[in-house]
Amino acid sequence: MFDDFLLRTLQPSSHDLGGFKVHRTLPNKERTMVGPFIFFDQMGPAQLQPGSGIDVRPHPHINLATVTYLFDGAIGHRDSLGSDLVIEPGAVNLMTAGHGIVHSERSPGETRPQGPVLSGIQTWLALPEAQEEIDPSFEHVPAEALPEIEGQGATARIIMGELWGQRAPTTTYAGTIYADIALEPGGSIPIDAAAEERAVYCALGEASLEGMTLEPQRLYILKPGIATTLRSEAGGRVMLCGGDAFTTPRHVWWNFVSSRRERIEEAKRAWRAREFPTVPGDDAERIEIPEIPKTVSYP
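Only a predicted model underlies this, so the values are computations on that prediction, with no experimental measurement involved. (Residues numbered from 1 in each chain as written. Predicted model: local features only at pLDDT ≥ 70, side-chain atom pairs only at ≥ 80, totals over all residues. Heavy atoms only, no water.)

Another aspect to go through is the state of the cysteines. For the structure shown, the criterion picks out 0 disulfides. Cys202 carries a free sulfur, and the closest cysteine sulfur to it, the one in Cys241, is 13 Å from it. (Disulfide = S-S within 2.5 Å.)

This paragraph deals with the UniProt feature "domain: Pirin C-terminal" (unreviewed entry) in the chain. According to UniProt, the feature "domain: Pirin C-terminal" (unreviewed entry) maps to residues 178-276 in the numbering used here. Overall, residues 178-276 shows 12% helix and 49% strand. The separation of its end C-alpha atoms is 30 Å. (UniProt positions renumbered as here; feature names shortened; annotations may be inferred. Helix = DSSP H or I, 4+ residues; strand = E, 2+ residues; numbered from the N terminus.)

A few words on the UniProt feature "binding site: Fe cation" (unreviewed entry) in the chain. Sequence positions flagged by UniProt for "binding site: Fe cation" (unreviewed entry) are, in local numbering, His59, His61, His103 and Glu105. In summary, the annotated positions, though distributed over 47 residues, converge in three dimensions, the widest C-alpha pair being only 13.4 Å. Tracing the chain through its elements places His61 in strand E5 (residues 55-61). Excluding anything up to four places from it in sequence, His61 contacts Thr66, Met95, Ala97, Gly100, Ile101, His103, Trp124, Asn255, Phe256 and Phe276. Only 3.2 Å separates the side chain of His61 from the side chain of His103, close enough to count as a polar contact. If you trace the backbone, Glu105 turns up in strand E10 (residues 101-106). (Contact = heavy atoms within 4.5 Å. Polar contact = N/O pair within 3.5 Å; in protein donor to acceptor, adjacent residues only side chain to side chain.)

A separate point is the packing of aromatic side chains. Any aromatic ring pair is given by two values, namely how distant the centres are and how the planes are angled relative to each other. Applying the stated criterion to the full structure yields 7 aromatic pairs. Ring plane angle 50° and centroid distance 4.7 Å describe the contact between Phe40 and Tyr201, whose orientation is recorded as tilted. On the criterion of sequence distance, the pair formed by Phe40 in strand E4 (residues 37-47) and Tyr201 in strand E18 (residues 197-205) is long-range, its members being 161 residues apart. Residue Phe40 shares its accessibility class with Tyr201, and that shared class is buried. Here Trp271 and Phe276 contribute two aromatic rings whose centre-to-centre distance is 5.7 Å and whose plane-to-plane angle is 75°, an arrangement assigned as edge-to-face. Phe276 matches Trp271 in its accessibility class, with the two residues each being buried. Each member of the aromatic cluster is reached from another via a ring pair, and the members are Trp254, Phe256, Trp271 and Phe276. The ring of Trp253 carries Lys268 above its face, with NZ or CZ at 3.9 Å from the centroid. (Phe/Tyr/Trp six-rings, centres within 6.5 Å; stacked < 30°, edge-to-face > 60°. Buried < 20%, exposed > 50% of the residue type's maximum accessible area, 1.4 Å probe, protein only. Lys NZ or Arg CZ within 6 Å of the ring centre and 35° of its normal.)

The 7 strands lie next to each other as E2-E3-E4-E11-E6-E9-E12, forming an open sheet whose pairing is antiparallel. The open sheet has two edge strands, strand E2 (13-16) and strand E12 (137-141), and neither has a second partner. Between one strand axis and the next, the sheet turns by 15° as a mean value, whatever way the strands run. Examined bridge by bridge, strand E6 (residues 64-73) and strand E9 (residues 92-96) share 5 bridges and lie antiparallel to one another. (Pairing = 2+ DSSP bridges. Axes fitted to C-alpha atoms, helices over the stretch in contact; angles between N-to-C directions.)

Turning our eyes to something else, we now look at the nonpolar core. Among the nonpolar cores identified, the biggest contains 52 residues, and Tyr178, Leu214, Leu219, Leu230 and Met239 are the most heavily contacted of them. Beyond its immediate stretch of four places on either side in the chain, Leu230 contacts Ile181, Leu183, Gly187, Ser188, Ile189, Ile191, Ala207, Ser208, Leu209, Leu214 and Val238. (Core = buried A, V, L, I, M, F, W, Y, C linked by side-chain atoms within 4.5 Å.)

Let us look at unusual backbone geometry. Here the residue pair Leu26 and Pro27 is connected by a cis peptide bond, since its omega of -5° sits within 30 degrees of zero. Its location among the elements puts Pro27 in the loop between strand E3 (21-26) and E4. In this structure, Glu210 takes a positive phi of about 50° despite not being glycine. Inspection of the secondary structure assignment puts Glu210 in the loop between strand E19 (208-209) and strand E20 (212-213). Here Gln217, not a glycine, exhibits a phi torsion of approximately 65°, which is positive. As for its position among the elements, Gln217 is in the loop between E20 and strand E21 (219-222).

Encoded structure:
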């Protein structure tokens with residue numbers, strides 16, 4: 001029965017980063033991409049210890065766009081363009097790396113005394129080959145600028161692309177859909193078949209698709225061209241993502257994504273040689289390239 005609409009289920013790799021867990025479903029040995037999405041991480045939910053916080057030191061990216069979206073908490077973003085902004089729940093931070101960018105992510109100082117809350121999703125989007133080396137940029141879209149769709153006991157915020165007849169103002173480089181669906185107990189919402197590739201992910205609470213329970217922290221890839229309905233008996237939070245299929249493969253190594261392996265090797269050399277730009281106001285430390293990264297692509 002479930003084979004009628006389900007193509008594949010991706011299990012997460014989970015990592016304890018000291019105070020909170022990260023669940024990663026892309027890239028995966030069974031599937032590297034869903035539309036332009038090539039990296040899918042859930043952070044938390046977690047309540048960090050008083051006086052602590054997350055401190056992701058400056059690190060580089062190439063040939064991708066990162067999308068940060070929070071359910072709860074706050075993250076301070078700084079980058080080598082001079083961007084300095086705190087993202088809060090419901091807003092979008094879109095950072096386009098292009099030919100190269102460096103950024104850091106840290107808990108704001110005012111949240112540390114009581115212990116920061118952290119809960120959200122971070123994704124990476126591969127860029128089309130013609131745009132891989134564009135100039136880097138940063139875009140913040142506040143929550144109130146994103147369209148919301150009301151369903152039968154459901155509210156869907158469109159993060160990127162066009163869904164349910166509404167379009168988000170967030171920049172896209174390839175055909176992209178991305179939405180945050182909040183389901184009340186007994187709520188439901190249709191998942192249409194417009195996108196070439198689609199996946200759903202139950203981040204919080206409980207949800208089902210056509211009678212199939214969605215296990216938390218798993219990415220369910222849907223068959224193309226089949227409309228389905230998402231439901232919840234007890235209430236839940238589900239992410240919908242996808243878009244146009246890429247016709248050429250992408251390689252991932254650490255924080256680098258590219259259609260060319262040699263471009264990743266060049267980025268590794270440049271970071272070791274300190275040729276990337278620095279982050280104004282946060283240039284005293286950085287993350288060095290690991291010998292064996294947690295994030296790699298699979299041939």
